[in-house]
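# Architecture at a glance
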Amino acid sequence: MKLFTSVHDVTDINALAAEALQLKQNPYAQQHLGKNKTLGLVFLNPSLRTRMSTQKAALNLGMNVMVLNMDKEGWALELQDGVVMNGSTVEHIREAAAVLGQYVDIIGVRSFPGLKNRDEDYNEEIFNKFVKYCGVPVVSLESATRHPLQSLADLVTITELKTKARPKVVLTWAPHIKPLPQAVPNSFAEWMCKADVDFTIAHPKGYELSTDFTDGATITHNQDEALADADFIYVKNWSAFEPYGKILPGNEDWMLTNEKLKVTNHAKVMHCLPVRRNLELSDEILDGPSSIVVHEAGNRVWAAQAVLKQMLESL
Ligand code: SN0
């Protein structure tokens, strides 16, 4: 694997999830693969799980890891071509990405959407420039429209904990006070549409995701109906796709509670984290027996390790 940016870069998602679960059983068996190989992790936005789990995954594989918090420690980056750089930006992405590619064997990049210009975000302009100029294999640490390492960890978690061959998985929108990216729900949807699950998306009117990611999903505006008999519930806020990046008024009653869980099949509740308590998800769920959010976050290591392993094998 030379590039990991979406589900489309993976030939067999079930085999990749199975590989992640094998690595979980035997984390250090592939240390030879990473010997004298360096992973560079470049963050244009904050991170906790992605940074630590990807770093841990690389260390398990015997790699060296270097982290650059570009947003805080790097030069202010210019992303547009053909501009006169007489403002606050100091270094162009063309040089920055190319130079980073000189120092490492694989690069991970995180770059959130601006949520202002839909075309710019959905064309993945920043991420694709990085891929184009760095000249080494790239793994997405969440781009403007997708978070594939998270989605793989989610598939790993569902594969690991399911109690029937084809579980019902529900992605349900949650309230928030800030416009958040569509990356996590887009990505989760496109992975679930390819997974062996019965997949439903529930959101208030106006929060339709781009159909590029939801082909095959059942989509409803009725949360209670969606939750009936659910085995896994994936809670996530996202801002509107149209009008782009906006929060629509109302919908506070979409926060999941134990009461709403009663119609499910003892559903396990997932969230990619960070989660805002009692806004997106109630204390009673996060602190109760239904929540698997920490277990899910733990599986980020094995997802990242499976991807890095396949990348090291194709260097
Ligand atoms: C990000 C998102 O894409 O929704 C990262 C998730 C892995 N989440 C946030 O930016 C949360 C910010 C907040 O203020 O709650």
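Residues numbered from 1 in each chain as written. Predicted model: local features only at pLDDT ≥ 70, side-chain atom pairs only at ≥ 80, totals over all residues. Heavy atoms only, no water.

### With respect to the sheet that holds strand β12 (residues 268–270)
Strand order across the open sheet formed by 5 strands is β10-β9-β8-β11-β12, with parallel pairing between neighbours. Single-partner strands in this sheet number two, and they are β10 (218–220) and β12. For this sheet, the mean inter-axis angle between neighbouring strands, taken without regard to orientation, is 20°. Across the sheet, helix α8 (residues 183–194) is in contact with β8 (168–173), β9 (198–202) and β11 (232–236); its angle to β9 comes to roughly 155°. (Pairing = 2+ DSSP bridges. Helix = DSSP H or I, 4+ residues; strand = E, 2+ residues; numbered from the N terminus. Axes fitted to C-alpha atoms, helices over the stretch in contact; angles between N-to-C directions. Contact = heavy atoms within 4.5 Å.)

### Considering the sheet that holds strand β1 (residues 3–4)
Spatial ordering of the open sheet is given by β1-β7-β6-β2-β3, a layout of 5 strands whose pairing is parallel. Of all strands in the sheet, those bounded by a partner on one side alone are β1 and β3 (64–69). Pairing analysis gives 2 bridges linking β1 to strand β7 (residues 138–140), with the strands arranged parallel. Pairing of Leu-3 across the sheet is with Val-138, part of β7. Lying on the sheet, helix α6 (residues 125–134) is in contact with β1, β2 (38–43), β6 (106–110) and β7; it crosses β7 at an angle near 165°.

### Section: helix α2 (residues 49–60)
Between its terminal C-alpha atoms α2 stretches 16 Å, which fits the 16 Å expected from 12 residues at 1.5 Å a residue. For α2, every residue scored as buried is listed here: Arg-49, Thr-50, Arg-51, Ser-53, Thr-54, Ala-57, Ala-58 and Asn-60. Residues of α2 that are buried make contact with β2, β3, β6, α7 (148–161), α12 (293–298) and α13 (300–313). Backbone geometry just after α2 places Gly-62 at a positive phi near 80°. (Expected span 1.5 Å × (residues − 1). Buried < 20%, exposed > 50% of the residue type's maximum accessible area, 1.4 Å probe, protein only.)

### Things to note about the pattern of salt bridges
Under the defined criterion, the tally for this structure stands at 14 salt bridges. With a shortest N-O distance of 2.8 Å, Asp-231 and Lys-164 are connected by a salt bridge. Highlighted residues: Asp-231 in the loop between α9 (223–227) and β11 and Lys-164 in the loop between α7 and β8, separated in sequence by 67 residues. In this structure, Asp-196 and Arg-166 form a salt bridge, with 2.8 Å as the shortest nitrogen-oxygen distance. One end of the pair, Asp-196, is in the loop between α8 and β9; the other, Arg-166, is in the loop between α7 and β8, and 30 residues separate them in sequence. Taking the relative accessible area as the measure of exposure, Asp-196 reaches 42% and is therefore partly exposed. (Salt bridge = Lys/Arg side-chain N within 4 Å of Asp/Glu carboxyl O.)

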